[in-house]
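Working through the structure, step by step
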Amino acid sequence: MILNKLIGQEKIWERLVTAYENDHIAGAYLFHGPSGVGKEGTALRFSGLVNCKAEGSALCGECSSCAKFNTLQHPNLTLIVPLPKDRVINKKDPPAKALKDETITALAELIAAKAKDPYEKIRLPRSNTILINSVREVREKIYLKAMEPGRKMVVIFDADLLMTGDGSSANALLKILEEPPQETSFILTTDFPERLVETIGSRCQQVFFPPIQTETVAKHLQESLDKPTEEAKLIAHLAQGNTRMAKHLAKQDLEEVQNQLLSLVKWLTQPSEENWRSFTHHAASTYRTNPQELNFHFQLLSYWFRDAQLIQKMNGDAHIILEGMEKSLRNFVKSFPAGDFASIVKELETCSSSLSRNYSLNLVITNLLFDIQESLQGVAG
Ligand SMILES: [Zn+2]
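Just so it is clear, the model here is predicted, and its values are computed rather than measured. Going along each chain's sequence as written, the residues are numbered from 1 onward. Only residues with pLDDT of 70 or above have their local features reported here, since the model is predicted, and side-chain atom pairs are shown and tallied only from 80 upward, although totals for entire chains, interfaces and linings are computed over all residues. Water and hydrogen atoms were dropped before computing side-chain values, which therefore reflect all heavy atoms in the structure.

A tally of regular secondary structure across the chain gives 16 helices and five strands. Two things to know: the radius of gyration comes from C-alpha atoms, and the globule rule equals 2.2 Å times the number of residues to the power 0.38. Relative to the 2.2 N^0.38 estimate, which gives 21 Å for 381 residues, the radius of gyration of the chain is 22 Å and therefore close to what a compact globule would have. Expressed along its principal axes, the backbone C-alpha trace of the chain runs to roughly 65 × 50 × 35 Å. Think of it in three bands: residues with accessible area under 20% of the maximum for their type are buried, residues over 50% are exposed, and the middle band is partly exposed, with areas taken using a 1.4 Å probe on protein chains only. A burial count over the chain gives 52% of its 381 residues as buried. Sequence-distant contacts, at least 24 apart, represent 73% of the contacts inside the chain between residues at least 6 apart. Summing over all exposed atoms, the chain offers an accessible surface of approximately 18700 Å²; the carbon and sulfur share of this is 50%. Of note, the chain has its 43 positive side-chain charges centred 5 Å away from the centre of its 46 negative side-chain charges. To qualify as a helix, a DSSP run of H or I must reach at least 4 residues; to qualify as a strand, a run of E must reach at least 2; elements of each kind are numbered from the N terminus. Contact definition: two residues touch when any of their heavy atoms are within 4.5 Å. Only the protein chains shown count as cover for residues, with accessible areas throughout obtained via the Shrake-Rupley method and a probe of 1.4 Å. For the charge count, each Lys or Arg is scored as positive and each Asp or Glu as negative, with His and the chain ends excluded. Each charge is placed at NZ for Lys, CZ for Arg, CG for Asp and CD for Glu.

Here we take up the coordination of the zinc ion. A 2.8 Å cut-off from the metal defines N, O and S donors, relaxed to 3.2 Å for Na, K and Ca; water is not in the atom list, so some sites may appear incomplete. For the zinc ion, the full set of protein donor atoms is Cys-52 (SG), Cys-60 (SG), Cys-63 (SG) and Cys-66 (SG), and the range of their distances to it is 2.3 Å. All geometry calls rest on donor angles, where a four-donor set with angles between 85 and 135 degrees is tetrahedral, four- and six-donor sets with opposite donors more than 155 degrees apart and all others between 65 and 115 are square planar and octahedral, and all else is irregular. Its four donor atoms give the zinc ion angles of 105 to 117 degrees at the centre, a pattern that matches the tetrahedral case. Along the chain, the residues donating to the zinc ion fall in the pattern C-x7-C-x2-C-x2-C. Owing to a relative accessible area of 28%, Cys-60 belongs among the partly exposed residues under this scheme. Look at Cys-63 and you get buried, because its relative accessible area is 14%.

Any two strands with at least two DSSP-identified bridges between them are counted as paired. Read across the sheet, five strands follow the order 2-3-4-1-5 without closing on themselves; strand pairing throughout is parallel. Looking at the sheet topology across the chains shown, the edges are occupied by strand 2 (77-80) and strand 5 (205-208). Sheet twist, expressed as the mean angle between neighbouring strand axes with direction ignored, is 15 degrees. Relative to strand 5, strand 1 (residues 28-32) is paired through four bridges, and the arrangement is parallel. Bridge pairing in strand 5 links Phe-31 to Val-207. Simply put, an axis is a line fit to the C-alpha atoms, just over the touching stretch for a helix, and the angle between two N-to-C directions goes from 0 to 180 degrees.

Let us now look at helix 6 (residues 168-178). For helix 6, the complete set of buried residues consists of Ser-169, Ala-170, Ala-172, Leu-173, Leu-174, Ile-176 and Leu-177. Buried-residue contacts for helix 6 involve strand 1, helix 5 (132-142), strand 3 (152-156), strand 4 (184-190) and helix 7 (198-201).

Residues enter patches when they are more than 30% accessible in relative terms and free of salt bridges; like-charged ones are connected within 9 Å and nonpolar ones (Val, Leu, Ile, Met, Phe, Trp, Tyr) within 5 Å. The term salt bridge refers to a side-chain nitrogen of Lys or Arg lying within 4 Å of a carboxyl oxygen of Asp or Glu. A cluster of basic residues, Lys-91, Lys-92, Arg-139 and Lys-175, forms a positive patch at the surface. Along the chain, the position of Arg-139 falls in helix 5.

This part takes up helix 16 (residues 361-376). Taking 1.5 Å of rise per residue, 16 residues should cover 22 Å, and helix 16 covers 22 Å from first to last C-alpha, within 8% of that figure. In this structure, the buried residues of helix 16 make contact with helix 11 (254-269), helix 12 (273-289), helix 13 (291-314), helix 14 (326-335) and helix 15 (341-356). Taken from the residues just after helix 16, Gly-378 is the one with a positive phi, measuring 100 degrees. Helix span is expected to be 1.5 Å times the residue number reduced by one.

All right, on to the pattern of salt bridges then. Scanning all chains against the criterion turns up 16 salt bridges. A salt bridge links Asp-117 to Lys-247, with the shortest nitrogen-to-oxygen separation between them at 3.1 Å. Of this pair, Asp-117 sits in the loop between helix 4 (101-116) and helix 5 while Lys-247 is found in helix 10 (residues 243-250), placing the two residues 130 residues apart along the sequence. Overall, the relative accessible area of 14% leaves Asp-117 in the buried class. The partner of Arg-151 in a salt bridge is Glu-183, with the nearest N and O atoms 3.8 Å apart. Of the two residues, Arg-151 is situated in the loop between helix 5 and strand 3 and Glu-183 in the loop between helix 6 and strand 4; the sequence distance between them amounts to 32 residues. Overall, the relative accessible area of 48% leaves Glu-183 in the partly exposed class. Salt bridges sharing common partners tie together Glu-40, Lys-114, Lys-121 and Asp-158.

Remember that the coordinates give geometry; whether it matters functionally is a separate question.
Here it is in structure tokens:
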């Protein structure tokens, strides 16, 4: 079954199954933890489980309910994701009215991809908020009698984006959580639980998803993508427990990925009008076409500077992430003897988190470029 393609997190799954067996399903859950560790997939799989018509507590994958969950099209499943606002809409309009036809098509394609691979991300370009209309629409639905037996499941991905703007989407959701509807559960997932208001967090049962073990990710790459053992190990190590990133890297030529990273480092650290323009242009165009890809690039850049810091501090005996790039890293460290690489790691984090919150890309990137220049000159510089 499609939703069985999740790896690791056995303890969490057992805990959820036990709650289901004992009829102790919470009215609201908050699944949090780093990206690519199966939070969204587990939310969908659990929604499938509590609606499965088979006897016992296994997810059969074959009943009429499971068949609908296999394509993520079940009347008891409401999936809420961040959406762009192509058009201005009224209070009572369904969220789809805010979308252009091509956005609706793109969304359907992303949902279909998610049904095939639970680590795929449903994230449309310019979608930096969960529209209040999405929350209102769910409110209309959940107090009505269910169309099918089972439990209504409302799954909200990237729930921190309920907080965008004046936080009205979060407030609307809070009102629902204060008067929990019958036979309904909410599952919120987020990489950034600290961004959600306390009042929502405290109404949810919190479940932390840790990074997946490197060996588990490597085994998965070998089995599902037919990667040779050594390459699978290398990619799993690079992905640092993030299965989504591992799968993304596995689809690419690793040498190309390394060359791309070297270009990004060059553009960032050798200030010239041309280099800075190249970096800004790359960031802007990647962000527009594939925000997830830009995330990976920032992740790789932070590995680079984290490794640079390790080499600078430990010299001979550093356990670096980018093992295959050690020579380039050592040369890089030599050219910036006073470089404060730890600060750069933080600056990159701030930058990618600002981008996920819809700050102006040009402004954020310009700040990053200046901050990095300062940090390369060192703390005293
Ligand atoms: Zn079933």
